[in-house]
Amino acid sequence: MDTDITDSTHAFVSGSVRGLLANRPRILALGEPTHGEDTLRQVRNELFQQLVEQEDYRTIAIESDCLMGLVVDEYVTSGAGTLDEVMERGFSHDLGASSANRDLVRWMRSYNENRPASERVRFAGFDGPLEITGPASPRQALSAVHDHLSAHVDADLLPCTAPELDDLIGADQLWTHPDAMTDPSRSVGQSAEAAQLRLIADDLAALLEEQTPLLLAATSREDLDRARMYGRTAVDLLRYHHWLADTSPARMNRLLSVRDRMMSENLLSLAERGPVLAHAHNAHFQREQSSMRMWQGTADWWSAGALVSTRLDEEYAFIATALGTIRHRGVDAPPPNSLEGLLYALPEGRCVVDARRLAATLGDTRPEPRVSPWFGYAPFDPAHLADSDGIVFIKDTIES
């Protein structure tokens, strides 16, 4: 394939990304085709810094536990704790061990030094507390929303007392059994106590909304938004546990769907305070239905990006990342007839691709799908080229 595609590529700067978009999106989603590569995270860091300094972005949200992310946000905005403590306690999925994530947190803290609150950059995790080998106990989310309400509303309005809530939750390890993902019988998500907790969580979340005028007068918008995050996390975490205990063929589809809807609600909430750069796997951001081959077969679900796109329309933008090589994972130079192969032939080490213009240039001569020799990397599907707002192409990754 000898088509000239240089007119579809631009230098990697935030202006090139913004130039692909008609308007400044409320959520700019930067995807990645694999996890664990600091090369991709450093590119994310550079883009965020440029968006902060040139486009007035103030929030970055990553694919990490939304509750743990509060620890990072507190540190970057106020300096509470130490960097080592924050990296250990503020990230899920082993993301705290990443040097690129450490660089991001360090830069955000430095940027915020001596700046007024309205100008500070903010950090958020937008995933649920859902480690693959075991979702969290609902204790933290349920207790936090219960405590917030009990401090300000009449006790008679609460569906239970704190001790009653604690008794229903029981031991945390009952909720976090590492075998529950593959063995539904190990989950307590459909026990009588779990069913009662789902009703309580729903009542607590509803009470937050019903008492909004009182809570805003007594606290602040920031406190209310945090309580709402605890409330929806409690509701959805218990829903996730329910499906974890399910034995029907719909089990994995439901689990993946619940997780991405949790992500979408967190992103939409963050976007209410200003534009957000979000970073996660491409599969969580694409507008097309996502699919994954699991041990029980193929599971399909609508991603967080697909859900957000239906709410925000043009105020949501998805920039996928495509890679040339991950040599330390056995992913060598791409075939010349693949999309990655076309981009790999360019001299630039990284660039921004106008995906729709490239699709028009290629016409009916579409590249062949690339096949990865490593399960942890998902090449870009050329069939989705015209449905993406753009692509960041990185020629070679460097082992962390």
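Above: the structure in question.
Here the structure is a predicted model, which is why all the values come from computation and not from measurement.

## Considerations on the packing of aromatic side chains
The final tally for this structure, using the stated rule, is 6 aromatic pairs. Here the aromatic rings of phenylalanine 48 and tryptophan 107 are separated by 6.1 Å at their centres, their planes lie at 75°, and the arrangement is edge-to-face. Taken as a pair, phenylalanine 48 in helix H2 (residues 38-55) and tryptophan 107 in helix H5 (residues 99-112) lie far apart in primary sequence, 59 residues in all. Residue classification places phenylalanine 48 among the buried positions, given a relative accessible area of 0%. By relative accessible area, tryptophan 107 is classed as buried at 18%. Ring geometry for phenylalanine 285 and phenylalanine 318: centres 6.4 Å apart, planes at 55°, overall tilted. Of this pair, phenylalanine 285 sits in the loop between strand E7 (276-281) and strand E8 (290-294) while phenylalanine 318 sits in strand E10 (residues 316-325), and the two are 33 residues apart along the sequence. Pairwise contacts between aromatic rings join Phe48, Trp107 and Tyr111 into one cluster. The side chain of lysine 395 reaches across the aromatic face of tyrosine 344, ending 5.2 Å from its centre.

## A closer look at the sheet that holds strand E12 (residues 390-396)
Strand order in the open sheet formed by 8 strands is E1-E11-E12-E10-E2-E7-E3-E4, and the pairing between neighbours is mixed. Each edge of the open sheet carries a strand with a single partner, namely strand E1 (9-10) and strand E4 (122-127).

## Re the packing of helix H3 (residues 69-78) against H5
Relative to each other, H3 and H5 sit at 40°, their axes nearing to 7 Å. Only Val105, Met108, Arg109 and Asn112 of H5 make contact with H3, whose side of the interface consists of Val72, Tyr75, Val76, Thr77 and Ser78. A per-class count over the contact of H3 with H5 returns 5 nonpolar, 3 polar and 1 charged.

## Comments concerning the nonpolar core
Judged by nonpolar contacts, the single largest core of 41 residues is most densely connected at Leu28, Phe48, Val105, Met108 and Phe123. Residue assignment for this core shows that the elements contributing at least two residues are strand E2 (27-32), H2, strand E3 (59-65), H3, helix H4 (83-89), H5, E10 and E12. Here this core takes 6 residues from H2, the largest share from any one element. Ignoring sequence-local partners within four residues, the contact set of methionine 108 consists of Phe48, Ile60, Val76, Val121, Arg122 and Phe123.

Basis of the calculations
Residues numbered from 1 in each chain as written. Predicted model: local features only at pLDDT ≥ 70, side-chain atom pairs only at ≥ 80, totals over all residues. Heavy atoms only, no water. Phe/Tyr/Trp six-rings, centres within 6.5 Å; stacked < 30°, edge-to-face > 60°. Helix = DSSP H or I, 4+ residues; strand = E, 2+ residues; numbered from the N terminus. Buried < 20%, exposed > 50% of the residue type's maximum accessible area, 1.4 Å probe, protein only. Lys NZ or Arg CZ within 6 Å of the ring centre and 35° of its normal. Pairing = 2+ DSSP bridges. Axes fitted to C-alpha atoms, helices over the stretch in contact; angles between N-to-C directions. Contact = heavy atoms within 4.5 Å. Nonpolar A, V, L, I, M, F, W, Y, C, P; charged D, E, K, R; others polar. Core = buried A, V, L, I, M, F, W, Y, C linked by side-chain atoms within 4.5 Å.

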